[in-house]
There are 2 protein chains.
Amino acid sequence: MYRPQNLRIPGPTFVPQAVLAASARPLINHRGPEFAALLAALTRALQDFLRTEHDVLTLTASGSGAMEAAIANTLSSGDKVLAFSCGAFGERFAAIAKAYGVDARRIDVPYGRAVEPDLVRDELAKEKGKEGAKAVLITHNETSTGVLNPLKEISAVVRDSGKLLLVDSVSGAGCTELEIDEWGIDVCVTASQKAWGAPPGVAMVTMSPRAWKAYEKSNLPKAYFDLGTYKAALEKAQTPATPAVNVFIALQEALRLMAEEGLEAIIRRHRDLARATRRGLQAVNLQLFADERYASPAVTAFRPPARVDARNLIRILRDDHDTIVAGGQGKMEGQLVRVAHLGFVTLQDIVSFFSALELTLRDLNQPVEPGVAISATLRAYAESTQQPSRPSARTAARPAPDAVASRR
Amino acid sequence: MYRPQNLRIPGPTFVPQAVLAASARPLINHRGPEFAALLAALTRALQDFLRTEHDVLTLTASGSGAMEAAIANTLSSGDKVLAFSCGAFGERFAAIAKAYGVDARRIDVPYGRAVEPDLVRDELAKEKGKEGAKAVLITHNETSTGVLNPLKEISAVVRDSGKLLLVDSVSGAGCTELEIDEWGIDVCVTASQKAWGAPPGVAMVTMSPRAWKAYEKSNLPKAYFDLGTYKAALEKAQTPATPAVNVFIALQEALRLMAEEGLEAIIRRHRDLARATRRGLQAVNLQLFADERYASPAVTAFRPPARVDARNLIRILRDDHDTIVAGGQGKMEGQLVRVAHLGFVTLQDIVSFFSALELTLRDLNQPVEPGVAISATLRAYAESTQQPSRPSARTAARPAPDAVASRR
């Protein structure tokens, strides 16, 4: 039975047909000239999107593997770090550091709130005059709560302190402003299945010159994630071990589609669709979880209606309406629903989500006037774009003959 | 221009069209019921092929990542291990151990030779009466030289010593005899792009109950490769981090094709095609590199003709005849050609290779009577199978209606 899904989880995100088709090309030699050309072009495209002239290394792993690489390549056992956390992925970053014997002091803000630059400044001030922390760990976009931390301002504070800045932007890079070089980020990680709209299996790590200096002194054990071997291999346009060739090919195709749209347009689209999603949810009286000043452009978390278990709502969306959303993680299980608007997402995907959500709410005996969420969504989107009748014109900054045809 | 390649490297191996198509299916939720069913079925199929009732854990990484997991999960800093090596991958296994602060004593045999059980017995005897090695590291199939170590006999020797046995069977599992439980192998690793005929990106690790006991005591840092988290996640039919979903789907399809053929028939096919390849090479006076008593069923290494750089021969095969083979690794660069007969390989693939090789040898001014290598190959194959006119009947041990149709 043909039941296409509306995949609205924050990764793996929807992968366009052109990208899936690219991923199914026959295998090639990962030590041959075709792969060398692919890796060189892919690396340049990633440098463009990540706004860095320094190294971008591609690992065959998920984002968590790249987070581990960030730590294992710049720190030493016993090093102190400040790990700012506002959710499950901030906790994971700190836990990885601790697994390596790094003395990670975790500074938590309540779920749903952002790490504010003042907090970072205050905590860094406490470090003065003693053997202080060597690095700051921070999540850019906290997927578990739908919070986007103000990384630009945080980066400025960390830069002033002279400490290394390691950033988990697994779900932030490619969908929101991120200026790796200008903001002085030393290590930043992301992954293929997030904003990049490719299948999972490839993670990317940027390394600043300062990060390479730290690498020279780092004594943590590393082999598969030893970024020095990736850098050396990249000089021959290779990877140290066998790469997930097909995911690399898919990622290159996805980056081609993204380049057609242009990074600025992509960032606007995410911001506008995220806002439209929040307005739709509020129109059916659902409570947004995150502080709206720091609402994520990638994923929106909301509370289920009173006396409804989020898992039940998620199950009905999936089983009856083929709409796949995520629940709360860890201690938030059953208490949150998370709907993603990340990667190759369109207004139509959000409208489709709301049609399923409205029906689901009715199934749960919640009074909902049909179409009310969709109307609010469309209204908000029209306000954002100020081009209500021709939204596609908005994304035509870098036109290409097949840009629209190849989207799906 | 349509120029299909004959991909004859020892991984990534040729991936059948049905498997590529499976890898291009739309993305699914890695925390949802479809992926749970897939992972459970995949794990059972891998247990069947690897002949183990114990844990098989699937990592999103290449084989080298799984080799690291084998070490990081069973050993502690300062532990002594004996690392038997007969090539580049034996050296890599030891190097990974050393990167983790494990005291790996490497016992090398010359390239082209096998690790003999007597050598293992003698080296283990030296350990008696002192604080001995905790584990033995061994490569099953040494891809860099085309040697298959006699793992059954080696395993028996190691078992008698009571030491842990960690096996790199990245390119051995699925193409040759391997009885994980019966032989008492504690940790064994393999990877999707080898005998399994799926794209790269997934590695598999088996863990015996003894290996789990060692895990409890292991103090090496681990996070992404912490196998305890994979075991816990597998109980919910999940993985700890986002898996390379599409590679998992492809691997399942590849395993379905392999189950149609049956493991015994697959092992026979590899043995027979490897032997036929060796006879073809000898028919054009090319010197086999490996001790034929231990010739690999996965890959055959040979010397180029006198005064010919292997890289030149490999380039002509690729550029003029679309035939992709591998060269020597490390110190063997320029001195070896390696042709693989691993995974979904047929007699036709080998014949095609020899037609390209014969033409290449003529390009290099080597006297070759056209067809002589192909004739020798076919003769050897017919002798092996003793069913010269109906070779496909050989593989029909477990017939399935679509077995032949779905091969490519």
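Residues numbered from 1 in each chain as written. Chains lettered and ligands numbered in written order. Predicted model: local features only at pLDDT ≥ 70, side-chain atom pairs only at ≥ 80, totals over all residues. Heavy atoms only, no water.

**Quick look at the sheet that holds strand β4 (residues 103-108) of chain A**
Residue and element names in this part refer to chain A.
And then number 1: Read from one edge of the open sheet, 7 strands run β2-β10-β9-β8-β5-β3-β4, paired in mixed fashion. With one partner strand each, in any of the chains shown, β2 (55-60) and β4 form the two edges of the open sheet. The average undirected angle you get between the axes of adjacent strands in this sheet is 20 degrees.
And then number 2: As defined by bridge partners, strand β3 (residues 80-85) adjoins strand β5 (residues 135-139) across 4 bridges and the pair is classed as parallel. From the neighbouring strand, valine 81 faces β5, where its bridge partner is alanine 135.
And then number 3: Set on the sheet, helix α3 (residues 63-72) makes contact with β2, β5, β8 (164-168), β9 (187-191) and β10 (202-207); between it and β9 the angle comes to about 170 degrees.
And then number 4: Sitting on the sheet, helix α6 (residues 151-161) touches β5 and β8, and the angle it makes with β8 is about 160 degrees. (Pairing = 2+ DSSP bridges. Helix = DSSP H or I, 4+ residues; strand = E, 2+ residues; numbered from the N terminus. Axes fitted to C-alpha atoms, helices over the stretch in contact; angles between N-to-C directions. Contact = heavy atoms within 4.5 Å.)

**A short note on the relation of the copies chain B and chain A**
And then number 1: Its rotation angle being 180 degrees, the transformation that places chain B on chain A also includes 0.0 Å of axial translation and leaves an RMSD of 0.0 Å. Here the copies are linked by what is in effect a two-fold axis.
And then number 2: The fraction of interface residues of chain B whose copies in chain A are also interface residues reaches 100%, indicating that both copies meet through the same surface. (Least-squares fit on C-alpha atoms with pLDDT ≥ 70 in both.)

**Comments concerning the packing of helix α13 (residues 347-363) of chain B against helix α14 (residues 372-385) of chain B**
Residue and element names in this part refer to chain B.
And then number 1: For the pair α13 and α14, the least separation of the axes is 8 Å and the interaxial angle reads 155 degrees. Compared by their axis directions, α13 and α14 come out roughly antiparallel. As for the relative orientation of α13 and α14, their crossing is right-handed in sense. Across the interface between the two elements, Leu347, Ile350, Val351, Phe354, Ser355 and Glu358 from α13 touch Val372, Ala373, Ile374, Thr377, Leu378 and Tyr381 from α14. (Parallel < 35°, antiparallel > 145°, perpendicular 65-115°, else oblique. Left-handed = near helix turned anticlockwise from the far one by under 90°.)

**Quick look at the sheet that holds strand β3 (residues 80-85) of chain B**
All names here are of chain B.
And then number 1: Taken in spatial order, the 7 strands of this open sheet run β2-β10-β9-β8-β5-β3-β4, and their pairing is mixed. Looking along the sheet, the strands with just one partner apiece sit at the ends: β2 (55-60) and β4 (103-108). Pairwise comparison of adjacent strand axes, ignoring direction, gives a mean angle of 20 degrees for this sheet.
And then number 2: Pairing geometry for strand β9 (residues 187-191) and strand β10 (residues 202-207), over 5 bridges, is antiparallel. Residue pairing across strands places valine 189 opposite valine 205, the latter belonging to β10.
And then number 3: Strand contacts of helix α9 (residues 227-234): β2 and β10, with the helix running at about 105 degrees to β2, the strand carrying the most contacts.

**Notes on the environment of leucine 151 of chain A**
And then number 1: When you line up the elements, leucine 151 of chain A lands in helix α6.
And then number 2: Among all residues touching leucine 151 of chain A, those that are not within four sequence positions of it are Ile138, His140, Val167, Leu178, Trp183 and Ile185 of chain A.

**Observations regarding the interface of chain B and chain A**
One frequently used descriptor of interface size is the decrease in accessible area upon assembly of the parts.
And then number 1: With 47 residues of chain B in contact, the opposing surface of chain A contributes 47 residues.
And then number 2: Buried area between chain B and chain A, summed over both chains or domains, comes out near 3300 Å², and the portion from carbon and sulfur atoms is 65%.
And then number 3: Counting across the chain B and chain A interface gives 0 salt bridges.
And then number 4: Our count for the chain B to chain A interface comes out at 6 residue pairs in polar contact (both at pLDDT 80 or more).
And then number 5: Breaking the side of chain B that touches chain A down by element, the ones donating at least two residues are α1 (17-23), α2 (33-50), α3 (63-72), α4 (88-99) and α10 (245-261) of chain B.
And then number 6: Per-class residue counts for the side of chain B that touches chain A are 27 nonpolar, 14 polar and 6 charged. (Buried area = accessible area lost by both parts, 1.4 Å probe. Salt bridge = Lys/Arg side-chain N within 4 Å of Asp/Glu carboxyl O. Polar contact = N/O pair within 3.5 Å; in protein donor to acceptor, adjacent residues only side chain to side chain. Nonpolar A, V, L, I, M, F, W, Y, C, P; charged D, E, K, R; others polar.)

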